Amino acid sequence: MELTELIKDYVATELLSSIELDFLEGELWETTQHIAEINTVFKAPKKICEKLDLDEKSCWQLCCAAVLDSSRPLKNGQKRADDFKKLIKQYKINFI
């Protein structure tokens with residue numbers, strides 16, 4: 001499985017299996033645990049960002065958070081995408 005392919009699949013079908021969602025959860029968790037070590041992230045295509053209601057220059061990890069927010073909302077109402085945006089800003093991560 002690959003993060004980008006799963007996000008593309010979700011944008012096309014709005015469906016992912018629980019195993020695929022578990023994978024995305026793991027990837028996002030791993031990224032947030034090592035965020036201080038990350039200098040740059042890759043931007044997702046504009047059409048993917050638009051479908052997920054994100055800024056057109058969002059990264060794949062932010063798209064992952066948006067997919068999880070849509071498919072598996074947190075019980076406390078918090079948004080993973082908002083939390084990840086704060087981390088990007090806090091650690092001054094660059095987009096390529």
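Residues numbered from 1 in each chain as written. Predicted model: local features only at pLDDT ≥ 70, side-chain atom pairs only at ≥ 80, totals over all residues. Heavy atoms only, no water.

*Asks:* Help me understand the overall build of the protein chain, please; the structure alone is not making it clear to me.
*Replies:* Scanning the protein chain from terminus to terminus reveals 5 helices and 2 strands. Ordering the α and β elements of the protein chain from the N terminus gives α-α-β-α-α-α-β. For the protein chain, the spread of C-alpha atoms along the three principal axes comes to 35 × 30 × 25 Å. Residues counted as buried form 36% of the 96 residues belonging to the protein chain. A separation of at least 24 residues holds for 53% of the contacts in the protein chain among residues at least 6 apart in sequence. Carbon and sulfur atoms form 49% of the exposed surface of the protein chain, whose accessible area is close to 6,100 Å². Separation between the mean location of the 14 positive side-chain charges and that of the 17 negative ones in the protein chain comes to 6 Å. (Helix = DSSP H or I, 4+ residues; strand = E, 2+ residues; numbered from the N terminus. Buried < 20%, exposed > 50% of the residue type's maximum accessible area, 1.4 Å probe, protein only. Contact = heavy atoms within 4.5 Å. Areas by Shrake-Rupley, 256 points an atom, 1.4 Å probe, with all protein chains shown as cover. Lys, Arg positive; Asp, Glu negative; His and termini not counted. Charge placed at Lys NZ, Arg CZ, Asp CG, Glu CD.)

*Asks:* When you look at the environment of Trp 60 in this model, what are you seeing that I'm missing?
*Replies:* Residue position: Trp 60 is located in helix α4 (residues 60-71). Taking relative accessible area as the criterion, Trp 60 reaches 10% and is therefore assigned buried. In this structure the C-alpha to C-alpha distance between Trp 60 and Phe 42, which are 18 residues apart in sequence, comes to 6.4 Å. Excluding anything up to four places from it in sequence, Trp 60 contacts Leu 3, Thr 4, Ile 7, Lys 8, Phe 42, Lys 43, Ala 44, Pro 45 and Ile 48.

*Asks:* I would appreciate a short explanation of the nonpolar core in the present structure.
*Replies:* Generally speaking, a soluble globular protein has its nonpolar side chains buried in company with each other. Of all hydrophobic cores here, the largest spans 29 residues; its most connected members are Ile 7, Leu 24, Ile 48, Leu 52, Cys 63 and Val 67. Those elements giving two or more residues to this core turn out to be α1 (3-13), α2 (18-33), α3 (46-51), α4 and α5 (80-90). Examining the composition of this core, we find that 8 residues originate from one element, α4, more than from any other. If near-sequence neighbours (up to four positions away) are discounted, Val 67 is found in contact with Ile 7, Tyr 10, Leu 16, Leu 21, Leu 24 and Leu 52. (Core = buried A, V, L, I, M, F, W, Y, C linked by side-chain atoms within 4.5 Å.)

By themselves, these are just geometric observations and shouldn't be taken as functional.
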